Amino acid sequence: MARWGGQAHPAMKVPSPSVREAASMYGTAVAIFLVILVAALQGSEPPESPFPYRIPLDPEGTLELSWNVSYVQETIHFQLLVRELKAGVLFGMSDRGELENADLVVLWTDGDSAYFGDAWSDQKGWIHLDAQQDYQLLRAQRTPEGLSLLFKRPFGTCDPKDYLIEDGTVHLVYGILEEPFWSLEAINTSALHTGLQRVQLLKPNVSVPALPADMRTMEVRAPDVLVPGQETTYWCYITELPDGFPRHHIVMYEPIVTEGNEALVHHMEVFQCATEFESFPQFNGPCDSKMKPSRLNYCRHVLAAWALGAKAFYYPEEAGLAFGGAGSSRFLRLEVHYHNPLKIEGRRDSSGIRLYYTATLRRFDAGIMELGLVYTPVMAIPPQETAFVLTGYCTDKCTQLALPPSGIHIFASQLHTHLTGRKVVTVLARDGREREVVNRDDHYSPHFQEIRMLKKVVSVHPGDVLITSCTYNTEDRKLATVGGFGILEEMCVNYVHYYPQTQLELCKSAVDPGFLQKYFHFVNRFNGEEVCTCPQASVPEQFATVPWNSFNRQVLSALYGFAPISMHCNKSSAVRFQAPRRTPVWGDRKQRSQVVTDRPDRQPAEGELTAPPAEALALLGAIRMGTNPG
């Protein structure tokens, strides 16, 4: 007998479907199917390994999820702890954290019996029992902390109602049932207390390297911050290294989260400030405060980054991240993102990141390189777009100029966009063919960014091409979203962590600005002179006057896909190695490619570099000539 909320209930059993569900989903085979499901309650025990990953699902701490990953079995074991259980709970996954069209597992009671089953929600939020039961319950037991549910699920199930668990961000959803329901079909997610949590479920199985005997620690922590009673706060704090702090290597770091604030602290980053300034003003306050000194905007060199669910980050045994000493700023900026949906008042926090460093320098300095798009308004996303793709290139000419003959080795990656980013991917191409994916997140969220260890080190050689594509959704915007530093502007960046460090710090591109002006003049000819093309108008002002009909959208997409690019191949001093001549895409297929694209039209075959389609060439030719493409 399991006792919930002071009432005794019979042992948990698999639910019987309603009459309508049985008729539509199972037919005459339902009885046999349920017998098979009942056997799942006596399923195999999970591996003996502990659950290394743990996160709070809800801000109250009622639900806590732990899990482990078996790549051999392609299975995840989940342990869900339910404190103060009422009438049940649902847990699952969906594309962007919606409770509609979600893949769910549900524990509920009808007042007499308790049930556990694999389910799904339709587009109106009604829950249905899944015909294919892929969540297998292994154990349900009462513990001093609450009810513990142990269950497992394969990464992929070939069930169209199930979520495919992939690398990258997963949006977990949950709901708390506060009263009994006579059947599963009577539950609608809109009537429940629900929420979402983002996490990377498929953590890489990377072995922990040996650590040096002389390793020391340094804590960069928020100084007893009074967390504001608002949903989202980014808190900035400036600190500095001791005077005369010599050169060291950071070999690992881990989070320090104030006890009781596990559900409040969403992610944290430590940045090093720019060396061109001898000093930085002290600051301890919200990052968007008008009192924040503008000089803090020059503290952008990432030393460490952590997000909810991540464990300690280790550098490869042969490399470390240098800090301290000559040529390194003493000033650091800690940024903490507090997620406080309950708007709790009076909570104090001293969370931060603990750096582990050594004076025994390793063989290689680790470096950080920016890939993707230059921060410029010439790259823009029209409004009302569901999946608009922008792509940035690190060309073969740049890698040929900047990388050592033995190449570099990428071991970690941090993807970054602003608010409209939905997908990010970087691929490596060599000799005109895609070779491997560096990092991909098809469920990317700008609210969940962390440095992720790669499952496999990616080696980049001189002459290779690195292609970074970002997919954006601007359905809620009325004007074009241009590239830039502002939170309402956009970025497309992959900060790759690699060794050995080179002088190449930025390898990015943007469309040729002159060619974009030809676009504005071109659309102006066919839109009644509505677009401002006067010399004094800025690019954002010009984009703001474009009438976003389907024709103008298609032309802009074609322009970004196949127009000449301006390449930025920069040293850490911001000086370019050499300004590669602007080259049309179709003039040098190694310069750019459509190896990876999330465009809704035909996808290229694996490893294929596509040529510009005839329609795009016609449009671009028309832009050049200023004629009607029709």
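Rules of the game
Numbering of residues starts from 1 in every chain and runs along the sequence as written. In keeping with the predicted nature of the model, local features appear solely for residues at pLDDT of at least 70, side-chain atom pairs appear and are counted solely at 80 or more, and the whole-chain, interface and lining totals rest on all residues. The side-chain quantities take in all heavy atoms of the structure and omit both hydrogens and water. UniProt positions are given in the numbering used here, feature names are shortened, and annotations may be inferred rather than shown by experiment. Strands were regarded as paired on the criterion that DSSP finds at least two bridges between them. Secondary structure elements follow DSSP: runs of H or I no shorter than four residues count as helices, runs of E no shorter than two count as strands, and numbering proceeds from the N terminus. For helices, the fitted line uses only the C-alpha atoms of the stretch in contact; every axis is such a line through C-alpha atoms, and the angle between N-to-C directions lies from 0 to 180 degrees. Think of a polar contact as two N or O atoms within 3.5 Å of one another; within protein, one of them needs to be a possible hydrogen donor and the other a possible acceptor, and neighboring residues in sequence only count if both atoms come from side chains. In this description, contact between two residues means that some pair of their heavy atoms is separated by no more than 4.5 Å. Each nonpolar core is a collection of buried residues, namely Ala, Val, Leu, Ile, Met, Phe, Trp, Tyr and Cys, held together in the definition by side-chain atoms within 4.5 Å. Under the scheme applied here, a residue whose accessible area is under 20% of the maximum for its type counts as buried, over 50% as exposed, and between as partly exposed, the area being computed with a 1.4 Å probe on protein chains only. A pair of cysteine sulfur atoms is labelled a disulfide when the two atoms are within 2.5 Å.

The protein goes by Dopamine beta-hydroxylase in an unreviewed UniProt entry, where it is assigned to Equus caballus. Under the Function (unreviewed entry) heading, UniProt states for the protein: "Catalyzes the hydroxylation of dopamine to noradrenaline (also known as norepinephrine), and is thus vital for regulation of these neurotransmitters." Taken from UniProt, the Pathway (unreviewed entry) comment for the protein reads in full: "Catecholamine biosynthesis; (R)-noradrenaline biosynthesis; (R)-noradrenaline from dopamine: step 1/1."

This paragraph deals with the sheet that holds strand β20 (residues 301–307). Taking strand neighbours across the sheet as the criterion, the 5 strands line up as β19-β16-β23-β18-β20 in an open arrangement whose pairing is antiparallel. Pairing within the sheet leaves two strands with one partner each, and these edge strands are β19 (284–286) and β20. Adjacent strand axes in the sheet meet at a mean angle of 15° when their direction is disregarded. Relative to strand β23 (residues 331–339), strand β16 (residues 232–240) is paired through 9 bridges, and the arrangement is antiparallel. The residue of β23 that forms the bridge with I238 is R333.

This next bit is on the side chain of H416. Within the secondary structure, H416 is located in strand β30 (residues 408–416). One polar contact links H416 to Q449, side chain to side chain, over a distance of 2.6 Å. Apart from the residues lying within four places of it in its own chain, the contact partners of H416 are Y444, Q449, M491, C492, V493 and Y495.

Core analysis: the biggest nonpolar cluster contains 73 residues, and L80, F151, L172 and L201 have the highest contact counts within it. Among the elements that make up this core, the one with the highest residue count is β20 (6 residues). Residue contacts for L80: discarding those within four places in its chain leaves L57, L63, E64, L65, V89, F91, L147, S148, L149 and F151. Core analysis: the second largest hydrophobic core is formed by 33 residues, A380, L390, Y519 and F522 among them.

To continue, consider the state of the cysteines. The full count for this structure, using the stated rule, is 5 disulfides. Across the disulfide from C236 sits C287; the S-S distance is 2.0 Å. Because the torsion about its S-S bond is 105°, the bridge between C236 and C287 counts as right-handed. On the criterion of sequence distance, the pair formed by C236 in strand β16 and C287 in the loop between β19 and β20 is long-range, its members being 51 residues apart. Sulfur-sulfur distance for the disulfide between C273 and C299 comes to 2.0 Å. Measuring handedness by torsion sign, the sulfur bridge of C273 and C299 sits at about 95° and is right-handed. With C273 in the loop between β18 (265–272) and β19 and C299 in the loop between β19 and β20, this pair connects stretches of sequence that are 26 residues apart. For the residue pair C273 and C299, the accessibility class agrees, reading buried in each case. If you count the bonded cysteines of the protein from the N-terminus, they pair up as 1-3, 2-4, 5-9, 6-10, 7-8.

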